[in-house]
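Listed below, chain by chain, are the residues.
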Amino acid sequence: MSETDLAYLTATDALGAMRSKSLSPVEYLDALIERIERLEPTLNAVADRRYDEAHTEAKVAADRYANGTARALEGLPVAAKEEHPMVGRVWSQGSLVLAEEIAPLDHPIIERIQGAGGIIHIRTTTPEFCCAPYCHSRHWGVTRNPWNTEYSPGGSSGGSGAALAAG
């Protein structure tokens, strides 16, 4: 499969390919990271990269597929909003005031994704405190719409929307 094909796989198709062992979690993650790094300088959708941790988790996912213990989202890369705290990670919520804040806990959505085997490989930009009709903050700057970079993808999920639209 080409990078573009992999980038636009549905979650169902990606999980099916991993279950059938025609796609490894590591191969899939690597293809997405390559695409992110190529497009990100223009889009400005990524607030935090967890590539090292994600690679470790993808290798564990591959082992779980091999030994029959794969969970519902095993090995699926998932982008999460930076506003959802992850223990030990910066939790700025797009604010310069909180730029050095470290999350003391995991948001329940983070716990559920990871508990089901999903791999949070990036955390995406939001407006400051998720309170603006387009995605910008003094902390991260403007997030761009991949289909027309003269525009922002909009509101509190702007980084997630840009990342998804760009594959």
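What you see is a predicted model; the values in this text were computed from it and never measured.

K.L.:
In this structure, what is going on with helix H3 (residues 25-43)? I would like to understand it.
P.N.:
Every α-helical turn comprises 3.6 residues, leaving residues that sit three or four positions apart pointing alike. Look at H3: 25 Å from first C-alpha to last across 19 residues, which is about the 27 Å you get at 1.5 Å a residue. Of all the bends found along H3, the most pronounced is centred on Glu 37 and spans about 35°, while Pro 41, a proline, follows it within four residues. Burial in H3 covers these residues: Pro 25, Tyr 28, Leu 29, Ala 31, Leu 32, Ile 33, Arg 35, Ile 36, Glu 40 and Leu 43. Just downstream of H3, Asn 44 is the residue with a positive phi angle, here 55°.

K.L.:
Explain the pattern of salt bridges to me, please; I cannot follow it from the model alone.
P.N.:
Counted according to the given criterion, the structure contains 10 salt bridges. Across the pair Glu 37 and Arg 49 runs a salt bridge whose closest N-O atoms are separated by 2.7 Å. Linking Glu 37 in helix H3 with Arg 49 in strand E1 (residues 46-49), this pair joins segments that are 12 residues apart in sequence. The exposure class of Glu 37 is partly exposed, given its relative accessible area of 35%. For Asp 48, the salt bridge goes to Arg 123, with nearest N and O atoms at 2.9 Å.

K.L.:
What is the right way to look at the state of the cysteines in this model?
P.N.:
Each disulfide consists of one covalent bond between the sulfur atoms belonging to two cysteines. All told, the structure shown has 0 disulfides when counted by the stated rule. Cys 130 supplies the cysteine sulfur nearest to Cys 131, a cysteine that is in no disulfide, at a spacing of 6.9 Å. The thiol sulfur of Cys 135 is not disulfide-bonded, and the nearest other cysteine sulfur, from Cys 130, lies at 8.4 Å.

K.L.:
Is there a simple way to think about unusual backbone geometry in this case?
P.N.:
Working note: non-glycine residues mostly have negative phi, and peptide bonds are mostly trans. A positive phi angle, close to 65°, is found at Lys 21, a residue other than glycine. With respect to the helices and strands, Lys 21 occurs in the loop between helix H2 (11-19) and H3. When its relative accessible area of 55% is taken as the criterion, Lys 21 is described as exposed. Phi angles above zero are rare outside glycine, and Gln 93 is one such case at about 55°. Relative to the helices and strands, Gln 93 is located in the loop between strand E2 (77-81) and helix H5 (108-115).

K.L.:
Just to check I follow, could you spell out the sheet that holds strand E3 (residues 119-124) for this structure?
P.N.:
In a beta sheet, neighbouring strands are held together by backbone hydrogen bonds and run either parallel or antiparallel to one another. Read across the open sheet, the 3 strands follow the order E1-E3-E2; overall the sheet is mixed. Edge positions in the open sheet fall to E1 and E2, since each of these has one partner strand only. Looking at each pair of strands side by side, their axes are set apart by 35° on average, direction ignored. Here E1 pairs with E3 via 3 bridges, running antiparallel.

About the cut-offs
Residues numbered from 1 in each chain as written. Predicted model: local features only at pLDDT ≥ 70, side-chain atom pairs only at ≥ 80, totals over all residues. Heavy atoms only, no water. Helix = DSSP H or I, 4+ residues; strand = E, 2+ residues; numbered from the N terminus. Expected span 1.5 Å × (residues − 1). Bend = angle between axes of the 7 residues up to and from the residue. Buried < 20%, exposed > 50% of the residue type's maximum accessible area, 1.4 Å probe, protein only. Salt bridge = Lys/Arg side-chain N within 4 Å of Asp/Glu carboxyl O. Disulfide = S-S within 2.5 Å. Pairing = 2+ DSSP bridges. Axes fitted to C-alpha atoms, helices over the stretch in contact; angles between N-to-C directions.

Function cannot be read off these values alone, since they describe shape.
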